[in-house]
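Structure at a glance
So you can see what is in the structure, the chains are spelled out below.
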Amino acid sequence: MTLATNKPFPATRNSAAPEPIGHPERGLTADEVRRRLQEFGPNELQEQRENLLLKFLRYFWGPIPWMIEVAALLSLIVRHWVDLVIVLVMLVFNAVVGFWQEHQASNALAALKKSLAVDARVRRDGQWQLIPARELVPGDLVRVRAGDVIPADIELLDDEYLSVDQSALTGESLPVDKEPGDDAFSGSIARQGEAVAWVTATGPRTKFARTARLVEQAGAVSHFQKAVLAIGDYLIFVSLGLACLLVMTQLARGESLLSVSQFVLILAVAAIPVAMPAVLSVTMALGAVTLSKFKAIVSRLQSIEDLAGIDVLCSDKTGTLTANRLSLGESVVLDADDEQELLLAAALASRPENQDAIDEAVLGGLTDVNALKEYTQTHFVPFDAKRKRTEADVRARNGQTFRVAKGAPQVIFDLCGLSGPERDAAQRHVDAFAARGFRTLGVARLRPNDHWRLLGITPLYDPPREDSADIVARARAHGLTVKMVTGDNLAIARETSRQLGLQTNILHADEVFAKVDGSPTSPDLDAQIETADGFAQVYPEHKYAIVQALQRRGHLVGMTGDGVNDAPALKQAEVGIAVSGATNAAQAAASLVLTAPGLGVIIQAIEESRRIFERMTSYAMYRITETIRIMFFVVLAMIVFNFYPITTVMIILLALLNDLPILTIAYDNTWLDPLPARWNMRRVLTVATILGLIGVVETFGLLLIGKLWLGLGLATLQSLIYLKLAVAGHLTLLVVRTRHPFWTRPFPARVLLGAVLGTQLVAVLIVSLGILVAPLPLSYVAFVWAYCLVWVVIEDRAKLHILRHLDCCGKRHRSFVERLQQNLHPHQHVMG
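Residues numbered from 1 in each chain as written. Predicted model: local features only at pLDDT ≥ 70, side-chain atom pairs only at ≥ 80, totals over all residues. Heavy atoms only, no water.

Regarding the overall build of the protein
On a plain count of helices and strands, the protein comes out with 29 helices and 23 strands. Residues classed as buried in the protein amount to 55% of the 832 residues present. With an accessible surface of roughly 35,200 Å², the protein has 58% of that area assigned to carbon and sulfur atoms. (Helix = DSSP H or I, 4+ residues; strand = E, 2+ residues; numbered from the N terminus. Buried < 20%, exposed > 50% of the residue type's maximum accessible area, 1.4 Å probe, protein only. Areas by Shrake-Rupley, 256 points an atom, 1.4 Å probe, with all protein chains shown as cover.)

See below:
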């Protein structure tokens with residue numbers, strides 16, 4: 001049992017689709033079926049499969065892979081087998097991680113196929129047959145029953161009643177009643193009734209296939225990949241430039257090319273971020289494990305970084321912001337004594353065993369369900385599209401009999417014979433509810449020797465979840481703009497938005513897109529979408545276009561959804577979020593799958609992703625700083641003094657002691673950014689470069705002290721420099737891991753602090769005991785530590801000064817841009 005529909009789905013039938021041939025009761029002939037199958041093809045989604053090997057090999061092409069491959073080739077030439085194995089492992093690991101993530105994201109179309117019907121009842125040559133749905137052709141006669149997945153786009157022919165759940169395609173919260181001549185679409189589900197229809201479109205011509213094509217086209221650029229490439233390119237160019245300078249200098253001094261190449265190779269492998277993609281991937285993978293504890297399953301690792309930066313969250317209404325169940329509002333009581341008498345009559349005109357959404361809402365409104373035990377339903381007439389009401393004959397325990405009815409208000413008004421001022425007054429109540437987006441039920445009762453009396457009008461609506469308003473407020477506090485995107489009508493969307501504390505500038509999607517003459521990239525359209533608070537009566541192509549428009553305006557977009565209709569937008573968004581109970585198609589297109597209902601888990605996921613992003617930023621800044629510190633210092637020392645300040649063995653030890661423990665940064669305690677976090681390459685590269693250059697000055701100063709003041713020999717001096725680089729490296733990590741003074745909260749995690757202290761102890765033991773290096777007295781060890789502790793304070797103060805300067809510059813730039821935009825568009829609201 002349902003009420004009449006709220007909005008039709010737009011017809012998409014091909015005007016050239018053939019009508020049934022011959023007598024409509026006989027269906028198509030076998031010869032005609034073969035001809036049409038050859039003309040139109042099978043009734044299935046078409047998919048172009050890409051060679052998986054070629055897709056995998058693409059991950060060995062690009063700036064960072066090239067650098068790793070050159071390092072591997074040089075290791076092979078000079079027969080450094082350990083280096084060769086390490087470099088190749090990093091190369092393959094990076095490729096496997098990237099390939100797996102892309103492969104997971106490409107499964108959306110396969111999941112869409114699972115949403116389609118497997119079999120269909122079709123009439124051919126005068127007989128009903130059960131055939132695979134892929135064999136249907138346009139013009140076939142099919143029979144659809146309750147529970148069936150509609151196998152193709154169809155048009156209803158007979159006069160029977162059919163209620164169709166097309167929420168997966170449109171997002172509507174209630175099933176839609178279909179009448180003869182109405183269209184029903186592939187992938188929707190028949191909930192009640194039975195009907196004969198003829199097939200109007202199959203396979204790639206269906207409405208469902210349009211959604212599938214959008215899914216294939218969709219996909220946002222990975223900001224993580226762009227960041228890794230930007231950092232990698234920067235370090236590669238710096239390292240290669242310095243390496244070339246060193247090679248030319250040493251060759252000019254008469255050193256052999258092989259000897260110089262061996263040292264430069266090891267120096268480059270230690271300094272260039274060969275392990276950076278792997279470390280960042282591991283950091284995100286450990287973050288994904290943490291998110292799973294919040295009931296958020298990550299299907300694409302890179303979405304963790306994107307989740308930290310989203311500033312617009314487009315949320316589906318039904319089941320995400322609302323409870324996805326019908327509830328009763330405050331009823332208008334007319335000829336009943338009170339609301340409970342009105343609801344009791346409505347409940348007696350229901351059948352609990354039918355598990356109908358409206359019946360369940362009515363029964364749920366009773367304060368005393370046991371009151372139903374006082375009555376017996378002797379006859380029941382179910383809802384149908386013609387009558388638009390249910391009726392029941394009822395006998396009370398005392399023997400009294402009466403009849404009750406509930407249904408569409410206008411039908412109940414007619415049943416009660418309302419007219420004139422009485423009907424106008426009742427209609428005003430219905431109109432008032434409709435203006436708030438509520439559907440309404442009229443309830444009437446007929447006693448013996450009396451006429452039908454209108455007991456009252458009760459509203460039906462899908463109420464907001466209890467936690468939704470609070471979660472929306474929390475999202476705003478985290479710097480997110482929440483936009484409601486729903487398939488329901490405008491009034492429902494505005495009322496729900498009002499109840500949630502959102503603004504009510506909700507736009508009708510069809511009207512918005514009609515104003516721009518179909519241009520998909522109109523600046524006016526983008527601006528209107530950006531300033532809207534939400535959209536009603538949207539279709540899959542609308543959601544997809546909304547996400548693209550917001551992305552063109554510079555936003556990172558999160559999109560929630562649960563149905564097939566949401567799949568294109570979920571895949572296009574930086575973070576597609578399949579909510580609890582989503583279809584397989586939505587889950588496959590999404591990068592984050594929620595297993596708990598509501599938006600609360602999204603806020604938790606955003607908070608955790610921002611912490612993960614801080615850890616990734618800390619590692620990136622540390623890696624850049626260390627590369628600049630080591631490369632510039634070594635090249636400068638060799639040009640000035642013409643000797644190697646550290647040996648190749650020391651470089652390998654530095655690489656091991658610095659990079660292996662750095663994995664524990666994935667567990668570090670971090671500051672929670674109250675605003676969306678994005679890669680700010682200007683900030684990252686500026687801070688890291690200046691800290692790296694300070695490190696060069698710091699290390700060169702120690703070299704001068706050791707050589708000129710302490711008068712150390714070359715081997716001892718190299719051990720002194722090695723210890724300094726080992727100590728300063730991890731102290732620098734403590735500096736870059738926070739935007740505040742390094743000794744303030746949040747303090748380093750125990751596992752990170754333990755790894756730092758452990759590697760420092762190993763470095764001290766190596767130089768104290770003379771393992772692979774010249775031994776150092778403990779007095780020199782203590783001096784190096786004291787020297788580094790002084791400089792770490794200097795680095796920290798420099799960091800704070802740089803950040804303040806960059807923040808001031810950023811604020812002045814944003815203020816200038818906002819003033820410029822206001823001058824250009826004085827009537828438009830400009831969003832940050």
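Now that the structure has been shown, the text picks up again.
Considering a nonpolar patch on the surface
Side chains of Val-649, Leu-761, Leu-765, Leu-769, Ile-771 and Leu-772 sit close together on the surface and give an oily, nonpolar patch of about 570 Å² of accessible area. Ranked by residue count, the leading element in the nonpolar patch is helix H28 (residues 750–769), at 3 residues. Note that Val-649 resides in helix H25 (residues 648–659). (Patch = residues over 30% accessible without salt bridge, like charges linked within 9 Å, V, L, I, M, F, W, Y side chains within 5 Å. Salt bridge = Lys/Arg side-chain N within 4 Å of Asp/Glu carboxyl O.)

Some remarks on the side chain of Lys-799
Inspection of the secondary structure assignment puts Lys-799 in helix H29 (residues 778–824). A polar atom in the side chain of Lys-799 sits 3.0 Å from the backbone oxygen of Val-735. Here Thr-738 takes part through its backbone oxygen, which lies 3.0 Å from a polar atom of the side chain of Lys-799. With residues near it in sequence (within four places) discarded, Lys-799 still touches Val-687, Leu-691, Val-735, Thr-738, Arg-739, His-740 and Phe-742. (Polar contact = N/O pair within 3.5 Å; in protein donor to acceptor, adjacent residues only side chain to side chain. Contact = heavy atoms within 4.5 Å.)

As for the environment of Pro-138
Turning to its location among the elements, Pro-138 is positioned in the loop between strand S2 (127–132) and strand S3 (141–145). With a relative accessible area of 2%, Pro-138 lands in the buried category. Put simply, Pro-138 and Ile-154 are 16 residues apart on the chain and 8.9 Å apart in space, counted from C-alpha to C-alpha.

Brief notes about empty space enclosed by the protein
The final tally for this structure, using the stated rule, is 4 cavities of 30 Å³ or more. Looking at the largest cavity, it is lined by 16 residues, and the ones nearest its centre are Gly-437, Tyr-461, Asp-462, Ile-492 and Thr-496. Here the lining of the largest cavity gets 4 residues from one element, more than from any other, and that element is helix H18 (residues 490–499). In terms of residue class, the lining of the largest cavity is built from 6 nonpolar, 4 polar and 6 charged. (1 Å grid on protein atoms, 1.4 Å probe; cavity = no way out; pocket = protein on both sides within 12 Å on 5 of 7 lines; lining within 4 Å. Points joined across faces, edges and corners; volume = space filled by probe spheres on them. Nonpolar A, V, L, I, M, F, W, Y, C, P; charged D, E, K, R; others polar.)

Brief notes about the packing of aromatic side chains
The tally for this structure, following the rule as stated, stands at 11 aromatic pairs. Ring geometry for Phe-742 and Trp-743: centres 5.3 Å apart, planes at 80°, overall edge-to-face. We classify Trp-743 as partly exposed; its relative accessible area is 47%. Residues Phe-783 and Tyr-787 carry aromatic rings whose centres are separated by 6.2 Å and whose planes lie at 35° to one another, so their mutual orientation is tilted. Residue Phe-783 and its partner Tyr-787 are located together in helix H29, separated by 4 residues, close to a single helical turn. The rings of Phe-633, Phe-641, Phe-643 and Phe-700 are connected pair by pair, giving a single aromatic cluster. (Phe/Tyr/Trp six-rings, centres within 6.5 Å; stacked < 30°, edge-to-face > 60°.)

A closer look at the nonpolar core
Judged by nonpolar contacts, the single largest core of 115 residues is most densely connected at Leu-592, Trp-679, Tyr-722 and Leu-723. Here the element with the most residues in this core is helix H24 (residues 600–641); it accounts for 21 residues. Among the nonpolar cores identified, the runner-up in size contains 29 residues, and Ala-509, Val-557, Met-559 and Ala-578 belong to it. (Core = buried A, V, L, I, M, F, W, Y, C linked by side-chain atoms within 4.5 Å.)

Some details on helix H1 (residues 30–40)
Glu-32, Val-33, Arg-36 and Phe-40 are the residues of H1 that are buried. Viewed along the axis of H1, the buried residues span an arc of 100°, placing them on a single side of the element. In H1, the exposed positions that point more than 90 degrees away from the buried face belong to Asp-31, Arg-34 and Gln-38. (Arc of directions from axis to C-beta.)

Looking at unusual backbone geometry
Residues Arg-745 and Pro-746 are joined by a peptide bond in cis, for which omega reads 0°. You will see that Gln-537, though not glycine, has its phi angle at about 55°, which is positive. Take Gln-537: it is sitting in the loop between strand S20 (534–536) and helix H21 (540–552). Of note in this structure, Asn-642 is not a glycine but carries a positive phi near 60°. Inspection of the secondary structure puts Asn-642 in the loop between H24 and H25.

Thoughts on the sheet that holds strand S18 (residues 481–485)
In space, the 8 strands of this open sheet follow the order S9-S23-S22-S21-S10-S18-S20-S19, with mixed pairing throughout. Single-partner strands in this sheet number two, and they are strand S9 (296–298) and strand S19 (506–508). On average, each strand axis in the sheet is tilted by 20° relative to the strand beside it, whichever way the strands run. Where S19 and S20 come together, 3 bridges link them in parallel fashion. (Pairing = 2+ DSSP bridges. Axes fitted to C-alpha atoms, helices over the stretch in contact; angles between N-to-C directions.)

Considerations on the packing of helix H15 (residues 409–416) against helix H16 (residues 420–435)
Here H15 crosses H16 at 165°, and the two axes come no closer than 11 Å. Here H15 lies roughly antiparallel to H16, going by the angle between them. Considering only the axes of H15 and H16, their crossing is right-handed. Listed contacts from H16 to Pro-409, Gln-410, Phe-413 and Asp-414 of H15 are Arg-423, Ala-426, Gln-427 and Val-430. Classifying every residue of the contact of H15 with H16 gives 4 nonpolar, 2 polar and 2 charged. (Parallel < 35°, antiparallel > 145°, perpendicular 65-115°, else oblique. Left-handed = near helix turned anticlockwise from the far one by under 90°.)

Brief notes about the pairing of strand S8 (residues 189–201)
Bridge count for S3 against S8 is 5 bridges, and the pairing is antiparallel. Bridge pairing links Val-142 to Ala-197 in S8. Bridge count for strand S5 (residues 162–165) against S8 is 4 bridges, and the pairing is antiparallel. Bridging from a neighbouring strand, Asp-165 pairs with Ile-189 of S8.

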